Amino acid sequence: MKNRILPLCCTALLLACSGCASSTGVMPWGSGLYSITVDQDKTLFTNLSDAEQKAYIEAVNYCGSLGQDIEVQSTTRGTTHWHYNSKIIFRCIPRQGEAQTAQPKQDVEMF
């Protein structure tokens, strides 16, 4: 019996410490603007900047897939009892200083 309790406790601890994040995805906001909202579960190893980072990376990847750069219009962030949330409103703009040729998609990754 004791041999089973330790693995169960370790699994429960890992699940409690790993926060899940959900995103609305890129949504049209009007006049060439887009928005992304990310909700991040509060855990021992997450904070508000995790939700902000995920929203920003998703926006950068979206604009990058179009061969463009991101221009952030506004950000909002908040916290509830169980979640951190971050909203970014942005537009995709032509890349500065580069020839307007097809650029390969470059994804930003989180560590």
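Residues numbered from 1 in each chain as written. Predicted model: local features only at pLDDT ≥ 70, side-chain atom pairs only at ≥ 80, totals over all residues. Heavy atoms only, no water.

(A) Inspection of the pattern of salt bridges at higher detail. Overall, the coordinates contain three salt bridges when judged by the stated rule. One salt bridge in this structure joins Arg-77 and Glu-52, with 3.2 Å as the shortest N-O distance. Here Arg-77 is found in strand 4 (residues 68–79), whereas its partner Glu-52 is found in helix 2 (residues 48–65), with 25 residues between them in sequence. (Salt bridge = Lys/Arg side-chain N within 4 Å of Asp/Glu carboxyl O. Helix = DSSP H or I, 4+ residues; strand = E, 2+ residues; numbered from the N terminus.)

(B) Quick look at the confidence of the model for the chain. With 70% of its residues at a pLDDT of at least 70, the chain reaches an overall mean of 80. Here residues 8–17 is a poorly scored stretch, pLDDT under 50, and it has four contacts once near neighbours within four places are set aside; other chains count. (pLDDT = per-residue confidence, 0-100. Contact = heavy atoms within 4.5 Å.)

(C) Structural detail: the state of the cysteines. The tally for this structure, following the rule as stated, stands at one disulfide. Note on cysteine connectivity: Cys-63 is disulfide-linked to Cys-92, with sulfurs 2.0 Å apart. When the S-S torsion is -80°, as for the bridge of Cys-63 with Cys-92, the disulfide is left-handed. Here Cys-63 is found in helix 2, whereas its partner Cys-92 is found in strand 5 (residues 83–94), with 29 residues between them in sequence. One exposure class covers both Cys-63 and Cys-92, and it is buried. (Disulfide = S-S within 2.5 Å. Buried < 20%, exposed > 50% of the residue type's maximum accessible area, 1.4 Å probe, protein only.)

(D) Expanded view of the packing of aromatic side chains. Under the definition given, this model contains three aromatic pairs. On the basis of an interplanar angle of 35° and a centroid distance of 5.7 Å, the ring pair of Tyr-34 and Phe-90 is categorised as tilted. A residue pair is termed long-range when its members are at least 10 positions apart, and Tyr-34 in strand 3 (residues 33–41) and Phe-90 in strand 5 qualify at 56 residues. A relative accessible area of 21% means that Tyr-34 is categorised as partly exposed. Residue classification places Phe-90 among the buried residues on the basis of a relative accessible area of 0%. Taken together through their ring pairs, the aromatic side chains of Tyr-34, Tyr-62 and Phe-90 make up a single cluster. (Phe/Tyr/Trp six-rings, centres within 6.5 Å; stacked < 30°, edge-to-face > 60°.)

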